[in-house]
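Summary of structural features
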Amino acid sequence: MSRAGPPSAALAAAAAIVFLALGALLGLAAGRSSGITVGDVAVQIELDRGAFRGGGDPIESWIRRSASIVAGYYGHFPVARLTVRVMAERGDGVHGGKSFANPEAYIQVRLGQDVTEAQLLSDWVLVHEMAHLALPDTGEAHAWLSEGLATYVEGVARVQAGNRSEADVWAEEMRQMPRGLPESGDRGLDRTHTWARTYWGGAMFCLLADVDIHRQSHNRFGLQDALRAIVRESGGLAADWPIERVLLTGDHAVGTTTLEDLYARLKDSPVTPDLMGLWRELGIESEDSSVRLSDSAPLADVRGAIMRAR
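Residues numbered from 1 in each chain as written. Predicted model: local features only at pLDDT ≥ 70, side-chain atom pairs only at ≥ 80, totals over all residues. Heavy atoms only, no water.

Let's shift gears to the overall build of the chain. Along the backbone of the chain there are 12 helices and 7 strands. For the chain, the C-alpha radius of gyration of 19 Å lies close to 19 Å, the compact-globule estimate for 310 residues. Counting only C-alpha atoms, the chain reaches 60 × 40 × 40 Å along its principal axes. Roughly 13100 Å² of accessible area belongs to the chain as shown, and the carbon and sulfur atoms make up 50% of that amount. The averaged location of the 40 negative side-chain charges in the chain is 2 Å from the averaged location of its 30 positive side-chain charges. (Helix = DSSP H or I, 4+ residues; strand = E, 2+ residues; numbered from the N terminus. Rg over C-alpha atoms; globule rule 2.2 N^0.38 Å. Areas by Shrake-Rupley, 256 points an atom, 1.4 Å probe, with all protein chains shown as cover. Lys, Arg positive; Asp, Glu negative; His and termini not counted. Charge placed at Lys NZ, Arg CZ, Asp CG, Glu CD.)

The strand order E1-E2-E3-E5-E4 describes an open sheet built from 5 strands, whose pairing is mixed. Where the open sheet ends on each side, the last strands, each with one partner, are strand E1 (33-38) and strand E4 (94-100). Each adjacent strand pair in this sheet contributes to an overall mean axis angle of 20 degrees, direction not counted. As paired strands, strand E2 (residues 41-46) and strand E3 (residues 81-89) are joined by 5 bridges and run parallel to one another. (Pairing = 2+ DSSP bridges. Axes fitted to C-alpha atoms, helices over the stretch in contact; angles between N-to-C directions.)

Relative to the helices and strands, Phe52 resides in the loop between E2 and helix H2 (57-74). Along the chain, Phe52 and Glu89 lie 37 residues apart, while their C-alpha atoms are 9.2 Å from each other. Residues within four places of Phe52 in sequence aside, it is in contact with Leu47, Ile59, Val86, Met87, Ala88, Leu111, Gly112, Gln113 and Val115. (Contact = heavy atoms within 4.5 Å.)

Within helix H12 (residues 300-307), 6 of the 8 residues are buried, which leaves the element mostly enclosed by the surrounding structure. All of the buried residues along H12 are Ala300, Val302, Arg303, Ala305, Ile306 and Met307. Elements in contact with the buried residues of H12: helix H5 (143-160), helix H6 (166-176), helix H7 (195-216), helix H11 (275-282), strand E6 (284-287) and strand E7 (290-293). (Buried < 20%, exposed > 50% of the residue type's maximum accessible area, 1.4 Å probe, protein only.)

Viewed as axis vectors pointing N to C, H2 and H5 meet at an angle of 95 degrees, and their least axial separation amounts to 9 Å. The orientation of H2 with respect to H5, classified from their angle, is roughly perpendicular. Counting all contacts with H2, which are made through Ile69, Tyr73 and Tyr74, the residues of H5 involved are Val153, Val156, Ala157, Arg158 and Gln160. (Parallel < 35°, antiparallel > 145°, perpendicular 65-115°, else oblique.)

The structure is reproduced here in structure tokens:
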């Protein structure tokens, strides 16, 4: 799962060219390449349907559903054309994926041969990978932004599309996001590249930004609006943008300096936000293995606005 830093533009381009060439040779030769359209997006699927116990139809539905979820969150799918190559492995479930954007958008995803429709329905991997296509390449030092955004957006986008419950997403964040808090020796998001800081530290940045944008704009805007502007103006992962340009573009779209200010605080310093206090304000209370959502909390309206489909 692309829960490791994004490749450099040069490496991504080289890898994508190799994968696309091999996929075309192997897939087309065996009659294993097919195309679908999701909205205005042409999706080429390279898939050996006979390699999977359930056949190819559930996998094609999974790809279509995932693309629709991402398109709904961003207002449109981040790219006009996409190739998805599905590789079969032993076992069941979704094993992982990687995203590339040069020369064209390409996702390689690995599935167990015995993957079930239920596993595909609850999968987060492909939505995560497709979300990567919406953010410009900001370089290895800022992998936390790429992976953090994909981690955060996956949950919110699936709730908005009706593919996941709001309580389930908040429960996961309460369990996992504290892993993204700085530990001893931490030097800030740009300088500490552990798995936890990259994924959940980056997701924590996104949550803090989302709440602050909603508060400042009285729920007129959120992080979602900033991200829509960024992909609209940049074209997504195929572009190489400095992180400062990415954040400035997002801030201009929502009329705040939230992203730039938060980055200035967290990039070089081990800031420890009060996550438990924030969740209480949002009306998210731990309850056994899940959460209870309170509409009487001070920021319950913000919580609702974040998860509401636009």
